[in-house]
Amino acid sequence: MRTVLKLTSALFEDLVQRLREPHGFAAERVAFLKCRPALSATSLLLLAGGIHYVEDEDYLDDPSAGATVGRSGLRKALQSAYMESVSMVHVHIHEHRGRPSFSRTDLRENALFVPDFWNVQPSLPHGAAVFSFDSAVGQCWIPGCSSPSGLEVAVVGSPMRCTWKVSNG
Amino acid sequence: MANKLNLQRQSFLGADSETALGHSRAALVGLGGGGSHVAQQLAHVGLGNFLLIDPDFIEDTNLNRLIGGTVKDVRLGTAKVDIAERVIKAVNPAAGVVKRLENWAEVTAELLDVDVIFACVDSIGCRSELESFARQFLVPLIDIGMDVHESNGEFSIGGQVMLSMPGKPCMRCMGLVTDDALAKEVALYGAAGGKPQVVWPNGTLASIAVGFFMKLVTPWETHKAIPLLLEYDGDLQTVAPSNKLVYLPAYCKHFDSLNELGDPFWTADALAHVE
C-alpha cells in the first residue's frame, strides 16, 4: 500500500512563505499539516486541510539543531490533533531545489515524537515530511505498524506536482 | 511496427511530458457526446492510464455525437465504456484502461487514485455531487457542459469548460450550480424526451478540457495560469474567459473546511483490510 500526502498548491505556498520567515534564534521554522485520512483502492491518503504553526516563543534556543520545539509547543500540537481529530504531519523546509533528505537528527527525533500523536489520536496515521522548493521526502506512522513507511507527496495545483516520489528517508 | 505511441511531434510540451502523461491517470465520468471526445484525444496525447465510468449502453439517438460509436454497436447494444476502450486501444494499445459499467458513486475508491476527473455528465445535480466528492479528496475536476436553449422559436448553443481546483472557486462560486437550478432540474425529473445535443460543440469543449489537462500534467507554459472558466458561444463559434472570473473570490467559501476532507467514517480498522 502506498501512502500519499496531498495538499493544495495554495496551502503549500502559505506553508513555504511562513516557514521562510526568520526567527530570532532558530535557524529554521517547523509546522504541522493537519490532515484527514482516506483509503483509495491502492493507497492511504493524508489530505491536508490546515496548518498548525509553531509559535515563536515555543522554539528552544538549541544550537545543535535547526529548530527545536519546546514542550509547550509540542503540547499545543498534541492539543490541536486532539481537538480537531486530525492526523498530524510535521513539516519543515530545506531551501533548495531537488530532492531533500532528513538529517540523522530529523530521523531520530521523528521516531521519538511522531508516535506521541497516538496518545491523543490512536486511530489516525501521523507523519513527518521535509520539503524543498520542488520535492519532498516523508515518513508515515500507520496504526498497527511498528516502523514508519515511506510517504509520497502530491501538491494539487497547476501544474500538478504529483511525482514527488519519496522514500522513508 | 512498435505499439508504443510516437510523441515526437509534441515534445515541445517539455522534456518530461511523455513520462508525466504516461504515468498520469484520469477518470472519465460519462462517455457520451463529451466524454467520448475526451477519451479519444487523451489517447492521442499519450495518457497512460484511464478509468472509464458509465453505466449506459449506446442507443441509436447517440450516433449523432458519440465518437467511435457505430451502427453495429447500436444493434449489439454495446456499452459506452467498451466503445471508448476500443477507440483508446486503437490509438495507443499500451494504454491502461479500467472500465466500470456503473454509476461513479459505486467506484469511489478507484476514483481516489486518479490525478484528474473529467466530469462529462448531463445534469447539474450530478456535476455538483461529483465536484463535492472531488473537493473532499483533493482531486482536480474538469467539467464540460453544453446546452441548447430555445428562445422565441430560435435555438442557441452555449457551453462552458471549468477547472474545479481544490482550494479555488467552485461551481457554486461561479454560479454554475445554484439551488434554483437544482430545484428546477428535480422538478423536470422524468420528463419525456432527451436534451438536444450535437457533435461539434462537444468536440470544441472536449478539446479545451484536454488542453486544461495538458496544462496540469505537463511542464508546458506553466507560468501562464489557466482561466478557471471558459464560456462557449456556439452561435458565434467563440470561446472566451468568463466575465464572472473578475468577480470571483480568490478562494472557495463553499469547500473550505478541514472537516469536509477525507473519510468521515474513518477508523483504524479500515487498515486491517489492506496490504
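This one's a predicted model, so the numbers in the text were calculated from it and none came from an experiment.

Draft legend 1. Structural detail: the overall build of chain A. From N to C terminus, chain A includes 3 helices and 11 strands. Listing each helix as α and each strand as β along chain A from the N terminus yields β-α-β-β-β-β-α-β-α-β-β-β-β-β. Projecting the C-alpha coordinates of chain A onto the three principal axes gives extents of approximately 45 × 35 × 30 Å. The buried share among the 169 residues of chain A stands at 45%. The contacts of chain A with a sequence gap of at least 6 include a subset with a gap of at least 24, amounting to 63%.

Draft legend 2. Representation of helix H2 (residues 71–84) of chain A. All names here are of chain A. For H2, which comprises 14 residues, the first-to-last C-alpha distance of 20 Å matches the rise-based estimate of 20 Å (1.5 Å per residue) to within 8%. Summarising the contacts, the buried residues of H2 are in contact with strand S2 (30–39), strand S3 (43–53), strand S5 (68–69) and strand S6 (87–93). At the exit of H2 stands Ser85, carrying a positive phi of roughly 50°.

Draft legend 3. Summary view of the interface of chain A and chain B. Each partner contributes to the interface: chain A provides 31 residues, whereas chain B provides 32 residues. Looking at the side of chain A that touches chain B residue by residue, the class counts come to 16 nonpolar, 11 polar and 4 charged.

Draft legend 4. Highlighting unusual backbone geometry. Residue and element names in this part refer to chain B. The phi dihedral of Leu138 falls on the positive side, at around 55°, and the residue is not glycine. Here Leu138 is to be found in the loop between helix H6 (124–136) and strand S5 (141–151). What makes Leu138 buried here is the crowd of 24 C-beta atoms within 10 Å. The backbone phi angle of Asn152 is positive, close to 55°, even though this residue is not glycine.

Draft legend 5. Spatial organisation of the sheet that holds strand S8 (residues 238–241) of chain B. All names here are of chain B. Read from one edge to the other, the open sheet built from 8 strands follows the order S3-S2-S1-S4-S5-S6-S7-S8, with strand pairing classed as mixed. The strands lining the two open edges of the sheet, one partner per strand, are strand S3 (96–100) and S8. The average undirected angle you get between the axes of adjacent strands in this sheet is 15°. Pairing of S5 with strand S6 (residues 154–164) involves 11 bridges; the strand directions are antiparallel. Pairing of Ser151 across the sheet is with Glu154, part of S6. Across the sheet, helix H2 (residues 33–45) touches strand S1 (25–29), strand S2 (49–53), strand S4 (116–119) and S5, and the angle it forms with S1 is around 160°.

Draft legend 6. Here's a closer look at the environment of Ala250(B). All names here are of chain B. Here Ala250 shows up in the segment after S8. Overall, Ala250 belongs to the exposed group, with 8 C-beta atoms counted inside 10 Å. Between the C-alpha atom of Ala250 and that of Lys168, which follows or precedes it by 82 residues, the distance is 6.5 Å.

Draft legend 7. Up close: the packing of H2(B) against helix H4 (residues 80–91) of chain B. Residue and element names in this part refer to chain B. Two elements in contact, H2 and H4, have axes separated by 8 Å at closest approach and are oriented at 20°. If you check the angle between H2 and H4, you find them roughly parallel. Where H2 crosses over H4, the two elements pack in a sense that is right-handed. Taking contact as the criterion, the partners of Ser36, Ala39, Gln40, Ala43 and His44 in H2 are, on H4, Ala84, Val87, Ile88 and Val91. Tallied by class, residues from the contact of H2 with H4 come to 6 nonpolar, 3 polar and no charged.

Draft legend 8. Structural detail: the environment of Leu205(B). All names here are of chain B. Within the secondary structure layout, Leu205 lies in helix H8 (residues 199–217). Given 26 C-beta atoms within a 10 Å radius, Leu205 is considered buried. Residue contacts for Leu205: discarding those within four places in its chain leaves Gly34, Ile144, Met146, Gly159, Val161 and Tyr232.

Reading the values: the criteria
- Just so you know, the residues in each chain are numbered from 1, in the order the chain's sequence is written.
- Whichever chain is written first becomes A and whichever ligand is written first becomes 1, with later ones labelled in order.
- Whole-chain, interface and lining totals are the exception, using all residues; otherwise, since this is a predicted model, local features are given only for residues with pLDDT of at least 70 and side-chain atom pairs are given and counted only at 80 or more.
- By the criteria applied, helices consist of DSSP H or I runs no shorter than four residues and strands consist of E runs no shorter than two, each listed in order from the N terminus.
- Counting other C-beta atoms within 10 Å of a residue's C-beta gives its exposure: the residue is buried at 20 or more, exposed at 12 or fewer, and partly exposed in between, where C-beta atoms are placed from the backbone.
- In this description, a residue-residue contact is defined by the distance between C-beta atoms placed from the backbone, which must lie within 7 Å.
- Expected span of a helix: the number of residues minus one, times 1.5 Å.
- We call Asp, Glu, Lys and Arg charged. Ala, Val, Leu, Ile, Met, Phe, Trp, Tyr, Cys and Pro are nonpolar, and the rest, Gly among them, are polar.
- Note on pairing: DSSP must find at least two bridges between two strands before they are called paired.
- Between N-to-C directions, angles cover 0 to 180 degrees, with each direction set by a line fitted to C-alpha atoms, over the stretch in contact for helices.
- Angle categories are assigned with fixed cut-offs, so that under 35 degrees is roughly parallel, over 145 is roughly antiparallel, 65 to 115 is roughly perpendicular, and the rest are oblique.
- The handedness criterion is simple: a crossing whose near helix is rotated anticlockwise from the far helix by less than a right angle is left-handed, and one whose near helix is rotated clockwise is right-handed.

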